[in-house]
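# Inside the fold
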Amino acid sequence: MLGEMRRKEILEYIANSKIPVSGAALAKRFQVSRQVIVQDIALLRAKDWEILSTNRGYLMNHPKSVERIFWVCHNGDQIEEELNAVVDLGGVVLDVAVQHQVYGELRAPLNIRSRRQVQQFLEDIQSGRSKPLTNLTSGHHCHKICAESEEILDMIEETFKKMGIFEK
C-alpha cells in the first residue's frame, strides 16, 4: 500500500474510532512498523489534521460542528473559488457527490479544510490523473460541509448565492 493511501486510511480509521487507537494497533492493521505510523501521523498533522496523542493512543480532535448539504452548479473554472470560499469562512468540505442518471449517487470524500488542501486538490485534478465528478453532470453537484456554527453555514450559503452557483 502506498504511503498516501495508507495515510488516508489511517485518518479515516482514527476519525471513526470512538476510543483512542494505539500506534501498535495501527502498525499491525497496516502492516508497517510503529515508526512508519509515527511518521504518517506527523505528515497528517502537517496537512492540518488535528490528531491528538494520548497515553492510550491517537484521537481526532472533533470540535463541535454542524453539517449541511449544499447543491451547487458551476464550471470547472470555479472550483478553486468555491472551495476557497468555504475554507476562508471556516468551513470544511467533507465530500462531493453527484446524482448520475445511470449509476445513481456517486460520492467522494474530500476533507478540505485549508487553502493549501484546495491547492493540492487542484494540482491532482490538473495533473490529469483524474477529472472532477461534476464533469459527469454538467457541473451539478453537492457538497457536505461542516462548520462550528449554523451562522458559518449561512455565510457560506450567502457567498454561494453571490457567486451565482447556489442551487438549494
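Above this text is the structure in question.
Using the criterion set out here, one finds 12 salt bridges in the structure. With a closest N to O distance of 2.7 Å, Arg68 and Glu150 form a salt bridge. Remark: Glu150 occurs in helix H6 (residues 150-163) and Arg68 occurs in strand E3 (residues 66-73); sequence separation between them is 82 residues. Taking the relative accessible area as the measure of exposure, Arg68 reaches 17% and is therefore buried.

If you walk across this open sheet you meet the four strands as E3-E6-E4-E5, and the pairing is antiparallel. At either end of the open sheet lies a strand with only one pairing partner, and these are E3 and strand E5 (104-112). Averaged over all pairs of adjacent strands, the angle between their axes in this sheet comes to 20°, without regard to strand direction. One ladder, built from eight bridges, connects E3 with strand E6 (residues 140-147); its direction is antiparallel. When the sheet's bridge partners are listed, Trp71 is paired in E6 with Cys142. The sheet contacts of helix H4 (residues 79-88) involve E3, strand E4 (92-100), E5 and E6, and relative to E6 the element is tilted by about 15°.

Another aspect to go through is the nonpolar core. Counting residues in hydrophobic clusters, the biggest one holds 21 residues, and the most contacted among them are Ile112, Ile145, Ile156 and Phe160. When contributions to this core are tallied by element, the ones reaching two or more residues are E3, H4, E4, E5, helix H5 (115-126), E6 and H6. Leave out the neighbours within four places in its chain, and Ile112 touches Leu83, Val87, Gly91, Val92, Val93, Gln117, Val118 and Phe121. Of all hydrophobic cores here, the second largest spans 14 residues; its members include Leu11, Val21, Ala27 and Phe30.

Scanning all chains against the criterion turns up one aromatic pair. Lying across the ring of Phe30, Arg29 places its NZ or CZ 5.7 Å from the centre.

Conventions and cut-offs
- Residues numbered from 1 in each chain as written.
- Predicted model: local features only at pLDDT ≥ 70, side-chain atom pairs only at ≥ 80, totals over all residues.
- Heavy atoms only, no water.
- Salt bridge = Lys/Arg side-chain N within 4 Å of Asp/Glu carboxyl O.
- Helix = DSSP H or I, 4+ residues; strand = E, 2+ residues; numbered from the N terminus.
- Buried < 20%, exposed > 50% of the residue type's maximum accessible area, 1.4 Å probe, protein only.
- Pairing = 2+ DSSP bridges.
- Axes fitted to C-alpha atoms, helices over the stretch in contact; angles between N-to-C directions.
- Contact = heavy atoms within 4.5 Å.
- Core = buried A, V, L, I, M, F, W, Y, C linked by side-chain atoms within 4.5 Å.
- Phe/Tyr/Trp six-rings, centres within 6.5 Å; stacked < 30°, edge-to-face > 60°.
- Lys NZ or Arg CZ within 6 Å of the ring centre and 35° of its normal.

No statement about biological role is implied by the geometric values presented.
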